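What the coordinates show
The primary structure of each chain is shown beneath.
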Amino acid sequence: MANIKVLVAKPGLDGHDRGAKVVARALRDAGFEVIYTGIRLTPEQIAEAALQDDVNVVALSLLSGAHNTLFPKVVELLKEKGMNDVLVIGGGVIPEADIPGLKAAGIAEVFTPGTPTTKVVDFIKANVK
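In this report, we go over the structure that sits alongside the text. Numbering of residues begins from 1 in every chain and follows the order in which that chain's sequence is written. Only residues with pLDDT of 70 or above have their local features reported here, since the model is predicted, and side-chain atom pairs are shown and tallied only from 80 upward, although totals for entire chains, interfaces and linings are computed over all residues. Remark: hydrogens and water are excluded; side-chain values derive from all non-hydrogen atoms of the structure.

**Notes on the pairing of strand 4 (residues 87–92)**
Consecutive side chains of a regular strand alternate in pointing toward one face of the sheet and then the other. In plain terms, the rule: Relative accessibility under 20% of the residue-type maximum defines a buried residue, over 50% an exposed one, and the middle range a partly exposed one, all with a 1.4 Å probe and only protein chains included. A run of H or I in DSSP becomes a helix once it reaches four residues, and a run of E becomes a strand once it reaches two; helices and strands are each numbered from the N terminus. When DSSP locates at least two bridges between a pair of strands, those strands are taken to pair. Here a crossover is taken to be right-handed if, once the strands point away from the viewer, the path from the first strand over the helix to the second is traced clockwise.
Buried residues dominate strand 4, accounting for six of its six residues. Neither face of strand 4 is open: one carries Leu 87, Ile 89 and Gly 91, the other Val 88, Gly 90 and Gly 92, and all of them are buried. Here six bridges tie strand 3 (residues 57–62) to strand 4, and the two strands are oriented parallel to one another. Bridge pairing in strand 4 links Ser 61 to Gly 91. For the crossover that starts at strand 3, traverses helix 3 (residues 67–80) and ends in the parallel strand 4, the hand is right-handed. Pairing geometry for strand 4 and strand 5 (residues 109–111), over three bridges, is parallel. Pairing of Ile 89 across the sheet is with Glu 109, part of strand 5. Handedness of the crossover joining strand 4 and strand 5 through helix 4 (residues 99–104) is recorded here as right-handed.

Right under this line is the structure:
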């Protein structure tokens, strides 16, 4: 299989990106091609970047509490662009109670603070088609 390409993105107004940068570095160290979009992007900008860069994975990071709105919106926009085979994962400060709804909305997995980056790497390797 060709190299796995991951887009790491921060939707919404959340300005904290240390966690996203740690994950991006870990994914790069694991051999993935990583594109980090920076902070404060709209779901539309993230979906367009995923399309333009032809990524296998979109990794969303959010601490602001807007994950129930922004994560599903990114999934919806990817589907509208015909990117049904893109693995979408999420991470950040996300209450356990919100995780089932996110998974039902198309987020393949949700990683909360303290998750070893090796778990994220292993999940991607196991789930990219």
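Next comes the rest of the description.
**Description of the pairing of strand 3**
Among the six residues in strand 3, six count as buried, and that is most of the element. Relative to strand 3, strand 1 (residues 5–9) runs parallel, the two being bridged by four bridges. When the sheet's bridge partners are listed, Ala 9 is paired in strand 3 with Leu 60.

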